[in-house]
2 protein chains.
Amino acid sequence: MLELGILGLLKEQPMHGYQLSRELAEQLGGMWKVSYGSLYPTLRRLERDGAVEQVPGDTAGKGRRKLVYRITPEGERLFLRLLEEPPQEGQAEDARFRVRLAFFRYLPPETRIRLLDRRRAGLRERFDQLTAATLAAADDGDEYQRALMEHGRAATEADIAWLGGLIQQERTKYGITAPVGERRRASATLRRKERTV
Amino acid sequence: MLELGILGLLKEQPMHGYQLSRELAEQLGGMWKVSYGSLYPTLRRLERDGAVEQVPGDTAGKGRRKLVYRITPEGERLFLRLLEEPPQEGQAEDARFRVRLAFFRYLPPETRIRLLDRRRAGLRERFDQLTAATLAAADDGDEYQRALMEHGRAATEADIAWLGGLIQQERTKYGITAPVGERRRASATLRRKERTV
DNA sequence: GTTCGTTATATCGCTCCGATATATCAACAG
DNA sequence: CTGTTGATATATCGGAGCGATATAACGAAC
């Protein structure tokens, strides 16, 4: 994930580590502050793999040493690969998707829609799971467990709706029609919930 | 965090590792699926530190081996310490707080309110930061960066309101009056946002 | 009876974090 | 002029958690 962020920034202009950490925090609205303990080793790794290289810069003798890196053609390929990489279940994916979104401009509209859709499908699964958990906790959970589930459920629902808006916006802008299977999908569990609660 | 979850479950009844992983996923509504690569080493660590111990159980010769653990008095103390531990900035705290909530019933109402309040203060800081980032992105960010900020901002706002509800509920239930400083707090950045947008 | 899914423990390599160390430089105070 | 502070900049350490994988015992289904 950090590789994606670094490459995405270097795609715009060469930078050094410290600058990368600030830019990353800014692009993500402060939702992710990269640790130096991740950043510098990752830069090394990317350099080792030929995805970035140091700019031979004029650092000779001058001021404070700065190791400026730039992306290589190999790095460009890696960047696109990471951007489309299949999601990997779990809460790590939430952060990953945010980083992806920050660099969505580098993808063609069809791919963007595909990724948004894939993400939405994942959230719908989580929503169903949370709905089941909410119903289960209604019986034997305590007050805070119920609050936890219901809040998670509401937040996930909001995320799904948000993605729907982004998809719609993308489609109208590029005149792409929705696939036939795409009508207002309601999960079995959701329907049950709406009926019983 | 995993330590907290394990101890919280063992507080109710002795369990073995596999059972812990299922229970944890269930109590958190599937929002957190514990990896075995974390679980078993953590159990070992807790045992080494004297926070849990194996139940000498009747596993002798019988069926499939199960290593059943129970919490010790030392573990009980650790549990309460972890439950109140100061938050540590960053997205890891989101998950931590969820785990804490799942075991909030073990805390007295005043402490619960204090922790909820502390969490809300942290989210308000993030909200201010996101508001600033939103304004900055309105100028030079692309479409998706703006969407990212605004969504993060909305989600954080919803979380803050949710916490407010929980605090209110706790106060009315136990008849605790709100401190004097506690009126509808609006941050400087929020007020600016409301005026200009 | 064998194959498959679930239960159960364990380990490996990896990513990332938080704390910390160590410099350089600018700005400002005394 | 000197000293201190704060921002810039790179680096490393130990630890937490993950995902994949190995292993094995058991139940049930075929």
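Reading the values: rules and limits
- Residues numbered from 1 in each chain as written.
- Chains lettered and ligands numbered in written order.
- Predicted model: local features only at pLDDT ≥ 70, side-chain atom pairs only at ≥ 80, totals over all residues.
- Buried ≥ 20, exposed ≤ 12 C-beta atoms within 10 Å, placed from the backbone.
- Helix = DSSP H or I, 4+ residues; strand = E, 2+ residues; numbered from the N terminus.
- Pairing = 2+ DSSP bridges.
- pLDDT = per-residue confidence, 0-100.
- Contact = placed C-beta atoms within 7 Å.
- Near = placed C-beta within 6 Å.
- Nonpolar A, V, L, I, M, F, W, Y, C, P; charged D, E, K, R; others polar.

Concerning the pairing of strand β3 (residues 68-71) of chain B
All names here are of chain B.
Part 1 of the argument: The alternating pattern of β3 places Tyr69 and Ile71 on a buried face, while none of Val68 and Arg70, on the opposite face, is buried.
Part 2 of the argument: Taken together, the two bridges between strand β1 (residues 15-16) and β3 define a ladder with antiparallel strand orientation. Residue pairing across strands places His16 opposite Val68, the latter belonging to β3.
Part 3 of the argument: Strand direction decides the pairing type here: strand β2 (residues 52-54) and β3, joined by three bridges, are antiparallel. Paired with Glu53 across the bridge in β3 is Arg70.

Concerning the confidence of the model for chain A
Part 1 of the argument: Of all residues in chain A, 87% attain a pLDDT of 70 or more, and the chain-wide mean is 88.
Part 2 of the argument: Contacts of residues 188-197 of chain A to residues separated by more than four positions or lying in other chains number six contacts, the stretch itself having pLDDT below 50.

Notes on the protein's contact with DNA strand D
Part 1 of the argument: Contacts to DNA strand D come from 26 residues, most closely from His16(A), Gly17(A), Gly37(A), Met1(B) and Gly37(B).
Part 2 of the argument: Of all the secondary-structure elements, those providing two or more residues to the surface near DNA strand D are α2 (17-27) and α3 (36-48) of chain A together with α3 (36-48) of chain B.
Part 3 of the argument: Looking at the surface near DNA strand D residue by residue, the classes come out as ten nonpolar, eleven polar and five charged.

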